Amino acid sequence: MQTTEAFVGLECLDCGGSFDAADEPGRCPDCGGILDPTYDYDALDPSRNSFASDAIRAGRAGIWRYESLLPFPREAALTLDEGGTPLVDCPRLAAELGVGRVLIKDEGRNPTGSFKDRGAAVAVSAAAQHGATDVALSSAGNAGQAASAYAARAGMESHVFVPSRASFVNKAMINVHGGDMYVVEGQIGDAVEAYEDVMAERDDYYSLQTFVTPYRHEGKKTMYYELIEQLQWETPDAVVYPTGGGVGLVGMHKAARELRELGLVDELPPLYAAQSEGCAPIVEAFEEGRDEHEPWEYPDTICGGIEIPDPGASRFVLEAVRESGGGAVATDDQDVMDAAATVALHEGLEMGVSCAAAASGAWELARTGEFDEDDTIVLLNTGAGNKDADLIRSRLMAKGM
Ligand SMILES: *Cc1c(COP(=O)(O)O)cnc(C)c1O
Ligand SMILES: [Zn+2]
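Keep in mind the model is a prediction, meaning the values are calculated, not measured. (Residues numbered from 1 in each chain as written. Chains lettered and ligands numbered in written order. Predicted model: local features only at pLDDT ≥ 70, side-chain atom pairs only at ≥ 80, totals over all residues. Heavy atoms only, no water.)

## A short note on the side chain of S138
Working step 1: If you trace the backbone, S138 turns up in strand β6 (residues 134-138).
Working step 2: Once residues within four sequence positions are removed from consideration, S138 is found in contact with F161, A191, V192, Y195 and Q209. (Helix = DSSP H or I, 4+ residues; strand = E, 2+ residues; numbered from the N terminus. Contact = heavy atoms within 4.5 Å.)

Below you can see the structure in the form of structure tokens.
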């Protein structure tokens, strides 16, 4: 494998076992736990200025600026120059929330319109290094679209299992990228089952499944490197994240801990998990003081990207929320769609429906007195609003607009 200098290998988050990345493409061979890429931080000696500047000088955009803290170098990566997304100041929202600043990290500007591209870039790069010809995953939609795009770039076949309620844009673009798509009747759990049935028969399919591949949260962690640089190394007072499986949240928490380990920051940003009331297993576990979620039996929300009733890594999501001093909040679908429309109307910024759960969640947190008047609040717009134009528009029509 072609890896970066400080990359050591994979460590199991459950049993602590260490493994060679060349040997293990998925879960821990000993206990089935999640594998996490590790680095020799002592071998790196970045300053805030030099953190990514060699890469910047080389003209590299996006996540590969941070290649010293990724497993693979850019020259061995499958990339569409994902990442490098703007942090947009939203002064009217700040006034409405009664805080100092609200900033939206606009992940909708990624190559396939969502932050899933960050994870797909690193995971498909790993697949290529393992010699994969076929990749497979189940997805609510955006991860499948991203995987099919990167697999197309890599010359691999992608096998994508989506529930019938996945958005039209996702399904259409999986087709356009040449993906082998299985539209499974029902919800995400049904798509996961169909994926597992096929995987049991196929040992030549390389899994890109959430928290099976060790590399999706690793790719998504770059959101926090970008954020803290864009904030000139001022730790935000809250980062509100629309949470499904929590891959991005776990990734950002890891990134913040790495920067602290490297001596570049002292503080961890308080991370808030925002969900829809129609599927809020993480919020429920947080409020009840539990370490793990209970599967949500009847998930029902219009926020497809975060409709994950059984998030397998909830222990790590809850740990990140608690260790960072954050929280968890759920709002209902009507509030979520109103939030998407309000952000579009007041700031011009187009939020996806799942992402707008972070906006309506921030309103709710402000209402309950969670924020101070000079706080800096960051919302993650994990996907482009125009993927969900029909949903947001129909909410306006329901109100006679
Ligand atoms: C996948 C997705 C999420 C949730 O991501 P996790 O990291 O699994 O919690 C949120 N928003 C959008 C638009 C998504 O596609
Ligand atoms: Zn293990």
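Picking up after the structure, the text goes on.
## Describing the site of ligand 1
Working step 1: Around ligand 1, the surrounding shell holds 18 residues, and the nearest of these are K116, Y241, G244, G246 and T382.
Working step 2: Residue G244 places a main-chain N or O atom 2.8 Å away from an oxygen atom belonging to ligand 1.
Working step 3: Protein chains shield 94% of the accessible area of ligand 1, which is 380 Å² for the free molecule.
Working step 4: Counting residues per element, the ones that place at least two in the shell around ligand 1 are β10 (238-242), α9 (247-261) and α13 (353-367).
Working step 5: A class-by-class count of the residues in the shell around ligand 1 yields 6 nonpolar, 10 polar and 2 charged. (Near = heavy atom within 4 Å. Polar contact = N/O pair within 3.5 Å; in protein donor to acceptor, adjacent residues only side chain to side chain. Areas by Shrake-Rupley, 256 points an atom, 1.4 Å probe, with all protein chains shown as cover. Nonpolar A, V, L, I, M, F, W, Y, C, P; charged D, E, K, R; others polar.)

## Some points on the coordination of the zinc ion (ligand 2)
Working step 1: Within the protein, the zinc ion (ligand 2) binds to C12 (SG), C15 (SG), C28 (SG) and C31 (SG); these donor distances fall in the range 2.3 Å.
Working step 2: Because the angles between the 4 donor atoms bound to the zinc ion (ligand 2) fall within 100 to 117°, the donor set is best described as tetrahedral.
Working step 3: Donor residues for the zinc ion (ligand 2) sit on one chain with the sequence pattern C-x2-C-x12-C-x2-C. Taken together, the residues C12 in strand β1 (residues 7-12) and C28 in the loop between β2 (18-19) and β3 (35-39) connect sequence positions 16 residues apart.
Working step 4: Relative accessible area serves as the criterion here: at 2%, C12 is assigned to the buried category. (Donors = N, O, S within 2.8 Å, 3.2 Å for Na, K, Ca; no water. Tetrahedral: all angles 85-135°; square planar, octahedral: opposite > 155°, others 65-115°. Buried < 20%, exposed > 50% of the residue type's maximum accessible area, 1.4 Å probe, protein only.)

## What to know about the sheet that holds β10
Working step 1: Read from one edge to the other, the open sheet built from 6 strands follows the order β4-β5-β13-β10-β11-β12, with strand pairing classed as mixed. Each of the sheet's edge strands pairs with one partner strand only, and the pair in question is β4 (87-89) and β12 (327-331). On average, each strand axis in the sheet is inclined to that of its neighbour by 25°, with strand direction left out of account.
Working step 2: The sheet contact formed by strand β11 (residues 271-276) and β12 spans 5 bridges and is parallel. If you follow Y272 over to β12, its bridge partner there is G327. (Pairing = 2+ DSSP bridges. Axes fitted to C-alpha atoms, helices over the stretch in contact; angles between N-to-C directions.)

## Focus: helix α12 (residues 333-347)
Working step 1: Taking 1.5 Å as the rise per residue, α12 with 15 residues should run 21 Å; its terminal C-alpha atoms sit 21 Å apart, in good agreement.
Working step 2: Along α12, the residues classified as buried are D333, V336, M337, A339, A340, A341 and V343.
Working step 3: Of the surrounding elements, those touching the buried residues of α12 are α2 (91-97), β5 (101-106), β11, β12, α13 and α14 (389-398).
Working step 4: The N-capping residue of α12, defined by a side-chain oxygen 3.1 Å from the backbone nitrogen of Q334, is D332.
Working step 5: Just beyond α12, the residue with positive phi is G348, at close to 80°. (Expected span 1.5 Å × (residues − 1).)

## What to know about the packing of α12 against α13
Working step 1: Taken N-terminus to C-terminus, the directions of α12 and α13 make an angle of 90°; their axes are 7 Å apart at the nearest point. With respect to α13, the axis of α12 lies roughly perpendicular. Here D335, V336, A339, A340, T342 and V343 of α12 lie close against α13, whose contacting residues are V353, A356, A357, A359, S360 and W363. (Parallel < 35°, antiparallel > 145°, perpendicular 65-115°, else oblique.)

## Regarding the packing of aromatic side chains
Think of a pair of aromatic rings as described by two things: how far the centres are apart, and how the planes are tilted against each other in angle.
Working step 1: Here the structure, examined in full by the defined rule, presents 9 aromatic pairs.
Working step 2: Ring plane angle 55° and centroid distance 5.6 Å describe the contact between F7 and Y39, whose orientation is recorded as tilted. Of this pair, F7 sits in strand β1 while Y39 is found in strand β3, placing the two residues 32 residues apart along the sequence.
Working step 3: A relative accessible area of 9% places F7 in the buried class.
Working step 4: With a centroid separation of 4.2 Å and 15° between ring planes, the pair formed by F161 and Y182 is classed as stacked. Linking F161 in strand β7 (residues 157-163) with Y182 in strand β8 (residues 180-184), this pair joins segments that are 21 residues apart in sequence.
Working step 5: Residue F161 is classed as buried on the basis of its relative accessible area of 1%.
Working step 6: With relative accessibility at 29%, the residue Y182 sits in the partly exposed group.
Working step 7: An aromatic cluster is present here, built from F7, Y39, Y41, F72 and Y215 joined pairwise through their rings. (Phe/Tyr/Trp six-rings, centres within 6.5 Å; stacked < 30°, edge-to-face > 60°.)

## A few points about the pattern of salt bridges
Working step 1: Per the stated rule, a full pass over the model turns up 22 salt bridges.
Working step 2: A salt bridge links E226 to K105, with the nearest nitrogen and oxygen atoms 2.7 Å apart. Of this pair, E226 sits in helix α8 (residues 222-230) while K105 is found in strand β5, placing the two residues 121 residues apart along the sequence.
Working step 3: You can call E226 buried: its relative accessible area is 5%.
Working step 4: By relative accessible area, K105 is classed as buried at 0%.
Working step 5: As a salt-bridge pair, E218 and K221 come within 2.6 Å of each other at their nearest N and O atoms.
Working step 6: Taking the relative accessible area as the measure of exposure, E218 reaches 0% and is therefore buried.
Working step 7: Among the residues examined, K221 registers a relative accessible area of 0% and is labelled buried.
Working step 8: Connected through shared salt-bridge partners, D36, E218, K221, K254 and E258 make up one network. (Salt bridge = Lys/Arg side-chain N within 4 Å of Asp/Glu carboxyl O.)

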